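If you want the building blocks of each chain, they are given just below.
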Amino acid sequence: MFDDLASQAIRASLDGLAMRQRVQANNIANIETPGFKAKRVEFESALSQAIADGDGTGVHATVSTSPLAARQDGNNVNLDEETLGSTETNLRYQTMLRAMDDRFGLVSTVLKGVR
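This report concerns the structure included in the present document. Since we're looking at a predicted model, the values are computed, not measured.

With respect to the pattern of salt bridges
- The full count for this structure, using the stated rule, is eight salt bridges.
- Glu81 is the partner of Arg40 in a salt bridge, and the nearest nitrogen-oxygen pair spans 2.6 Å. With Arg40 in strand S1 (residues 39-42) and Glu81 in helix H3 (residues 79-114), the pair connects residues that are 41 residues apart, well separated along the chain.
- Arg71 is the salt-bridge partner of Asp73, the closest N and O atoms lying 3.4 Å from each other.
- A relative accessible area of 34% means that Asp73 is categorised as partly exposed.
- When its relative accessible area of 36% is taken as the criterion, Arg71 is described as partly exposed.
- Each of Arg20, Glu44, Glu88 and Arg92 takes part in one network of salt bridges that share partners.

Quick look at the side chain of Asn76
- Along the polypeptide, Asn76 turns up in the loop between strand S2 (62-65) and H3.
- A relative accessible area of 3% places Asn76 in the buried class.
- From its side chain, Asn76 meets the backbone oxygen of Leu68 in a polar contact 3.2 Å long.
- Dropping the residues within four chain positions of it, Asn76 is found in contact with Phe36, Lys37, Ala38, Ser66, Leu68, Ala69 and Ala70.

Quick word on the packing of helix H1 (residues 5-29) against helix H2 (residues 44-53)
- Viewed as axis vectors pointing N to C, H1 and H2 meet at an angle of 175 degrees, and their least axial separation amounts to 10 Å. Viewed along their axes, H1 and H2 adopt a mutual orientation that is roughly antiparallel. Where H1 approaches H2, its residues Leu5, Ala9, Ala12, Ser13 and Arg20 are matched on the opposing element by Glu44, Leu47, Ala50 and Ile51.

Parameters at a glance
- Residues numbered from 1 in each chain as written.
- Predicted model: local features only at pLDDT ≥ 70, side-chain atom pairs only at ≥ 80, totals over all residues.
- Heavy atoms only, no water.
- Salt bridge = Lys/Arg side-chain N within 4 Å of Asp/Glu carboxyl O.
- Helix = DSSP H or I, 4+ residues; strand = E, 2+ residues; numbered from the N terminus.
- Buried < 20%, exposed > 50% of the residue type's maximum accessible area, 1.4 Å probe, protein only.
- Polar contact = N/O pair within 3.5 Å; in protein donor to acceptor, adjacent residues only side chain to side chain.
- Contact = heavy atoms within 4.5 Å.
- Axes fitted to C-alpha atoms, helices over the stretch in contact; angles between N-to-C directions.
- Parallel < 35°, antiparallel > 145°, perpendicular 65-115°, else oblique.

Rendered as structure tokens:
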């Protein structure tokens, strides 16, 4: 029932955004760790390609090291960037949750109308 492309895309988005939230939290937690390199999560291009192909399954987020310049201690975490990114990620996650909730609501409305 929820195996259509839109539902697959919403699930893939939620998975990618959840991973991004974890990575951003880890980056912030390691802001004082010498030599720590911030990580970045990317899934949007894979999701766009999957949607274009008509198959939202198999979308995986990738984690890479941030190319930002490091401080003298070798750490390259930028608190401003991480905080802004975390806020944006949370807003996107909430939007995707709302989209999933709307899809369930639509099915619920249809099923109530069948009675």
